[in-house]
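What the coordinates show
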Amino acid sequence: VSGIVGLRGMFYDVDDLRQRADDMLHQSYLDPVTGLMNQHGFVDAMLSYEERWFTQKQGYGVILCQNLLNKSILDSYGEEVSREVLRKQADRLRDRFGNRAVLARVEQSRYGVILEAETRQQLEDIAREVVKDMNDIHRVWGNEVTMDCVAATAHACEPDVKGELLYQKARERLAVKIGKA
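Residues numbered from 1 in each chain as written. Predicted model: local features only at pLDDT ≥ 70, side-chain atom pairs only at ≥ 80, totals over all residues. Heavy atoms only, no water.

This next bit is on the packing of aromatic side chains. For the structure shown, the criterion picks out two aromatic pairs. For the pair Phe42 and Tyr167, a centre-to-centre distance of 5.5 Å together with 65 degrees between the ring planes defines the contact as edge-to-face. Of the two residues, Phe42 sits in helix 2 (residues 39-56) while Tyr167 sits in helix 6 (residues 164-178), which places them 125 residues apart along the sequence. Relative accessible area serves as the criterion here: at 0%, Phe42 is assigned to the buried category. Between the aromatic rings of Tyr49 and Tyr60, the centroid separation amounts to 5.6 Å while the plane-to-plane angle is 45 degrees, which identifies the pairing as tilted. Of this pair, Tyr49 sits in helix 2 while Tyr60 sits in strand 1 (residues 60-67), and the two are eleven residues apart along the sequence. Tyr60 carries the same exposure label as Tyr49, and that label is buried. (Phe/Tyr/Trp six-rings, centres within 6.5 Å; stacked < 30°, edge-to-face > 60°. Helix = DSSP H or I, 4+ residues; strand = E, 2+ residues; numbered from the N terminus. Buried < 20%, exposed > 50% of the residue type's maximum accessible area, 1.4 Å probe, protein only.)

Next up on the list: the sheet that holds strand 1. In spatial order, the strands read 2-3-1-6; together these four strands make up an open sheet with antiparallel pairing. Strands at the two margins of the open sheet, each flanked by one partner only, are strand 2 (101-107) and strand 6 (149-155). Taking the axes of each pair of neighbouring strands and ignoring which way they run, one obtains an average angle of 20 degrees across the sheet. Bridging between strand 1 and strand 6 involves seven bridges; their strand directions are antiparallel. Looking at strand 6, one finds that Leu64 is bridged to Ala152. Running over the sheet, helix 2 touches strand 1, strand 2 and strand 3 (110-116) and is turned about 20 degrees from strand 3. (Pairing = 2+ DSSP bridges. Axes fitted to C-alpha atoms, helices over the stretch in contact; angles between N-to-C directions. Contact = heavy atoms within 4.5 Å.)

In short, geometric facts, not functional conclusions.
Structure (structure tokens):
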């Protein structure tokens, strides 16, 4: 007697499994409100910039920008208006940088930017422009809103500030500006 006596098992569509894995990875790096990267994606992207700094001395830096009045907007207008403010801020970052930088909402109303910059002064100049862009949002869905954004930077050329320490240094500097140091 020849032939298949029994066949038991499960069959999987490999392409479907790969797509699901890609989707899960993609979702784990994206902020659901703004569509920008989240903190995990931001820190992961920083590794490739650090590698270029180490191998090619390609200067780069981090800008952190935060709206100090986000809680006030939330309390005054509610969650939907607050989320729309966050989306508008993300749009301002996209308009300014396009694909020339890594953009993320790293927490609440705090945004992070990783970009090529030759000097810390160049980075500071760009950060001032980012703050101006963010503070120029005045109306959301017919509601008058006030922004009070501040920014802090850290650059790869600074001594003893490499890799994730660059992000940490920018966080420390932002905390000082906010008054939470």
